[in-house]
Amino acid sequence: MNTTALLAAILVLAVGTFSLRLAGPLLRTRFELPERAQQVMSVAAIVLLAALVATAALTDGQSHAGIARPAGVLVGGVLAWRKAPFVLVVVAAAVTAAGLRLLGVP
């Protein structure tokens, strides 16, 4: 791909991205989503985040991640659910995974 085509593609994508970001605030007063659609969108965001966490926790490339990583994510999830400070959540999850790996758990 030549430089001119690459720069044109970048420019088109930049204008498109800016237009979509600008359309939200400008069109907010013209369109109103039904209450049910707003609820579905809220739940969809949670489901997508949960799927991302599950994929990252349970897989390593094309294979299973073992037991240590999901155990660390579980510990972090429980602490986050109990409203522990963020630093504690991260450190406890990392220590759990590292400790299990140190003990030989995959």
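Since the structure is predicted, the reported quantities are computational estimates derived from the model, not experimental observations. (Residues numbered from 1 in each chain as written. Predicted model: local features only at pLDDT ≥ 70, side-chain atom pairs only at ≥ 80, totals over all residues. Heavy atoms only, no water.)

Okay, the pattern of salt bridges next. Counted according to the given criterion, the structure contains one salt bridge. The salt bridge involving R69 is made with D60; its shortest N-O contact spans 3.8 Å. On the basis of relative accessible area, R69 is assigned to the partly exposed category, the value being 25%. (Salt bridge = Lys/Arg side-chain N within 4 Å of Asp/Glu carboxyl O. Buried < 20%, exposed > 50% of the residue type's maximum accessible area, 1.4 Å probe, protein only.)

Before going further, it helps to examine the packing of helix α3 (residues 68-81) against helix α4 (residues 86-102). Close contact between α3 and α4 brings their axes to 8 Å; oriented N to C, the two are set at 155°. Between α3 and α4, the crossing angle belongs to the class labelled roughly antiparallel. Relative to α4, α3 is oriented so that their crossing is right-handed. Across from A68, R69, A71, G72, V75, G76, L79 and A80 in α3, the residues of α4 making contact are L88, V89, A92, A93, T96, A97, L100 and R101. Its residues placed into classes, the contact of α3 with α4 shows eleven nonpolar, three polar and two charged. (Axes fitted to C-alpha atoms, helices over the stretch in contact; angles between N-to-C directions. Helix = DSSP H or I, 4+ residues; strand = E, 2+ residues; numbered from the N terminus. Parallel < 35°, antiparallel > 145°, perpendicular 65-115°, else oblique. Left-handed = near helix turned anticlockwise from the far one by under 90°. Contact = heavy atoms within 4.5 Å. Nonpolar A, V, L, I, M, F, W, Y, C, P; charged D, E, K, R; others polar.)

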